Amino acid sequence: MIRFLVIGDFNSVLRKSLIKKVEREKFDAVLALGDYGGDKRIGRITFKNWGKNWEDVVGEKRAKQLLKEDYDKSLKILKWLNSLRKSVFFIFGNNDQYKGNKVKSFEGKNLLKYTKKFKNFKYVHEKTVNFKGTKIYGHGGFVTSDIYLNKKYAPYDKKKMLKRIREYNKDKKVLLKNKKIDIFLIHYPLYGIFDKINNPVVKKMHGKKIGFKPYNLAVKKFKPKIVFCSHMEEHSSEKKKYRNSLVVNPGSALFGRYCFLDFDENKKIVKNVKFCK
């Protein structure tokens with residue numbers, strides 16, 4: 001039996017109470033779902049000015065300051081995960097600075113490059129890894145939710161819209177090349193599963209579904225035993241059966257939530273999912 005700690009959506013906050021609880025527990029490995037960064041101050045600016053570039057709203061100097069603070073807090077969280085001395089199978093979220101600069105004045109920060117220094121970290125984006133006979137595959141980062149392919153809801157100009165369509169098709173192609181897996185790690189949710197927005201601040205999007213349909217196709221084709229997603233704090237600590245797979249949102253670490261998975265690596269079955277807070 002393998003016990004996994006499953007955790008994500010810190011949004012730049014590492015709670016002392018969470019550290020204390022997690023470090024008292026016994027587990028074999030960590031599954032980390034992204035959004036180690038994503039300061040809520042940036043989120044509030046983005047939602048309040050939906051459809052605009054938040055960096056343009058606050059100006060380059062303030063954007064640089066917020067991104068620098070967010071990066072430093074993200075790095076602190078990743079260092080803590082590494083300090084647990086367990087294998088950490090991880091992906092990034094849409095709010096993580098893992099590809100370098102977001103604004104021209106913010107000097108080259110790249111969390112992915114930094115995590116290569118961590119001996120316990122294994123980046124599983126678009127990769128299948130084997131842990132004690134259990135196949136784990138991840139797909140993280142930003143994806144173009146299906147609703148944003150509709151001009152009515154897309155916060156993009158025509159040029160960016162075409163780019164998003166290309167990225168959508170590329171992600172779909174990569175996902176459907178995958179082989180049979182046991183555990184599927186994603187940041188964004190499947191379409192229609194834990195993807196409904198509950199945020200009256202963004203009236204245009206409130207109540208809408210922002211899942212990613214290629215994930216549904218991948219689950220249908222490869223039949224993972226369990227799927228872990230995050231991104232949507234509205235659906236923290238929820239689980240639901242989809243086809244033959246169990247889909248789980250472990251909860252937002254920002255609010256002290258996470259879960260444990262007990263997985264029988266011999267019989268390839270989910271024995272238990274325990275939500276914690």
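Note: the structure precedes this text.
Residues numbered from 1 in each chain as written. Predicted model: local features only at pLDDT ≥ 70, side-chain atom pairs only at ≥ 80, totals over all residues. Heavy atoms only, no water.

Caption draft 1: Local environment of the overall build of the chain. For the chain, the count of helices and strands is seven helices and twelve strands. In terms of overall dimensions, the chain is globule-like: its C-alpha atoms have a radius of gyration of 18 Å, near the 19 Å expected for 277 residues. Taken over 277 residues, the chain has a buried fraction of 54%. Put simply, of all contacts in the chain between residues at least 6 apart along the chain, 71% involve residues at least 24 apart. (Helix = DSSP H or I, 4+ residues; strand = E, 2+ residues; numbered from the N terminus. Rg over C-alpha atoms; globule rule 2.2 N^0.38 Å. Buried < 20%, exposed > 50% of the residue type's maximum accessible area, 1.4 Å probe, protein only. Contact = heavy atoms within 4.5 Å.)

Caption draft 2: The nonpolar core, seen in detail. Core analysis: the largest hydrophobic core is formed by 30 residues, its most contacted members being Y36, L81 and F90. Elements with a minimum of two residues in this core: β1 (2–7), α1 (16–24), β2 (29–32), α4 (60–83), β3 (87–90), α5 (111–115), β4 (121–123) and β11 (258–264). Ranked by residue count, the leading element in this core is α4, at six residues. Contacts of Y36, omitting those with residues within four sequence positions, involve F10, N11, S12, S74, I77, L78, L81, F90, I91, F92 and D96. (Core = buried A, V, L, I, M, F, W, Y, C linked by side-chain atoms within 4.5 Å.)

Caption draft 3: Local environment of the side chain of D262. Tracing the backbone through its elements, the reader meets D262 in strand β11. Looking at D262, its side chain comes within polar contact range of the side chain of R3, at 3.0 Å. Those residues in contact with D262 that sit more than four places away from it in its chain are M1, I2, R3, I269, V270, K271 and N272. (Polar contact = N/O pair within 3.5 Å; in protein donor to acceptor, adjacent residues only side chain to side chain.)

Caption draft 4: A look at the sheet that holds strand β7 (residues 183–186). In spatial order, the strands read β5-β6-β7-β8-β10-β9; together these six strands make up an open sheet with mixed pairing. The open sheet has two edge strands, β5 (128–131) and β9 (238–242), and neither has a second partner. Sheet twist, expressed as the mean angle between neighbouring strand axes with direction ignored, is 20°. Inspection of the sheet shows β5 paired to strand β6 (residues 134–139) by four bridges, in the antiparallel sense. Each bridged residue has a counterpart across the sheet, and for V129 the counterpart in β6 is I136. (Pairing = 2+ DSSP bridges. Axes fitted to C-alpha atoms, helices over the stretch in contact; angles between N-to-C directions.)

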